[in-house]
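Structural description and commentary
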Amino acid sequence: MENDLRLIKQIKKNASESAASALVSKYYKEMYAFHYKQTLDEELSLDLTQELFIAVLQTIYAYDVKKASFRTWLYRIASNRIVDYFRSRHYRYAQFTQPLEDIQQEFEDEYNLEIALVHKEQFERVNSLVNQLDAHSQQVIRLKLFGEYTLKEIAAIEAIPISTVKTRYYAALKWIRKEMEVEKLEERSI
């Protein structure tokens, strides 16, 4: 953390490119993984991660060490941006235009392809339900499931009481489970 603060000071004071590169390098893989777990798309995750760091470096002057650690601030921005992405027209359009061949090329045999399609379908179903939640609940769910944060850490990131985080998290999980059960019942009745 002290190293982060030193790098941030260099960026703020001298617009140091080497300090910016060091800061980005330190968190790049972690942020890429955070995006990938939510999109299951390598190129999109690379794009979202790059856009995140561009935004972070453009707004680093607003970072206040007294309010949160840099990592916490970074995740707050990342979770806000991923919520915005899933609400975007680009995302909704992409859902209807991705050809099956894109998925099929990644797998050599039919068995692996079938498993991949089932996994992707389940992921898309859960992700679709998460996207229907209000922005605050989405952030809690995304940080917990994809960022693998504890509820206490999420409370710090979001700067809200842990009781609020727990309420949002468990209410969202309950709603997601209920909706998935409804979908299963509808599938069985067809």
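Scroll up for the structure.
Look at helix 2 (residues 17-39) against helix 3 (residues 42-59): their axes get within 8 Å of each other, and the N-to-C directions meet at 140°. Regarding the angle of helix 2 to helix 3, the classification is oblique. Regarding helix 2 and helix 3, the two cross each other, and that crossing is right-handed. Together, Ala-20, Val-24, Tyr-27, Tyr-28, Met-31, Tyr-32, His-35, Tyr-36 and Thr-39 of helix 2 and Glu-42, Leu-44, Ser-45, Leu-46, Leu-48, Thr-49, Leu-52, Phe-53 and Leu-57 of helix 3 make up the contact between the two elements. Grouping the amino acids of the contact of helix 2 with helix 3 by side-chain chemistry returns 13 nonpolar, four polar and one charged.

Let's shift gears to helix 8 (residues 135-145). Considered for burial, the residues of helix 8 that qualify are Ser-137, Gln-138, Gln-139, Val-140, Ile-141, Arg-142 and Leu-143. Between a side-chain oxygen at the N-terminus of helix 8 and the backbone nitrogen of His-136 the separation is 3.2 Å; the capping residue is Asp-134.

We now examine the side chain of Thr-39. Within the fold, Thr-39 resides in helix 2. According to the relative accessible area criterion, Thr-39 is buried, its value standing at 10%. If we ignore the near neighbours within four places in the chain, the residues touching Thr-39 are Leu-44, Ser-45, Leu-48, Ile-82, Phe-86 and Phe-123.

Counting 39 residues, the largest nonpolar core has Leu-23, Phe-70 and Leu-74 as its most contacted members. Contributing elements (two or more residues each) for this core: helix 1 (2-14), helix 2, helix 3, helix 4 (70-87), helix 7 (110-132), helix 8, helix 9 (151-158) and helix 10 (162-189). Aside from chain neighbours lying at most four places away, what touches Phe-70 is Asp-4, Ile-8, Leu-23, Tyr-27, Val-56, Ile-60 and Tyr-63.

Procedures and definitions
Residues numbered from 1 in each chain as written. Predicted model: local features only at pLDDT ≥ 70, side-chain atom pairs only at ≥ 80, totals over all residues. Heavy atoms only, no water. Axes fitted to C-alpha atoms, helices over the stretch in contact; angles between N-to-C directions. Helix = DSSP H or I, 4+ residues; strand = E, 2+ residues; numbered from the N terminus. Parallel < 35°, antiparallel > 145°, perpendicular 65-115°, else oblique. Left-handed = near helix turned anticlockwise from the far one by under 90°. Contact = heavy atoms within 4.5 Å. Nonpolar A, V, L, I, M, F, W, Y, C, P; charged D, E, K, R; others polar. Buried < 20%, exposed > 50% of the residue type's maximum accessible area, 1.4 Å probe, protein only. Polar contact = N/O pair within 3.5 Å; in protein donor to acceptor, adjacent residues only side chain to side chain. Core = buried A, V, L, I, M, F, W, Y, C linked by side-chain atoms within 4.5 Å.

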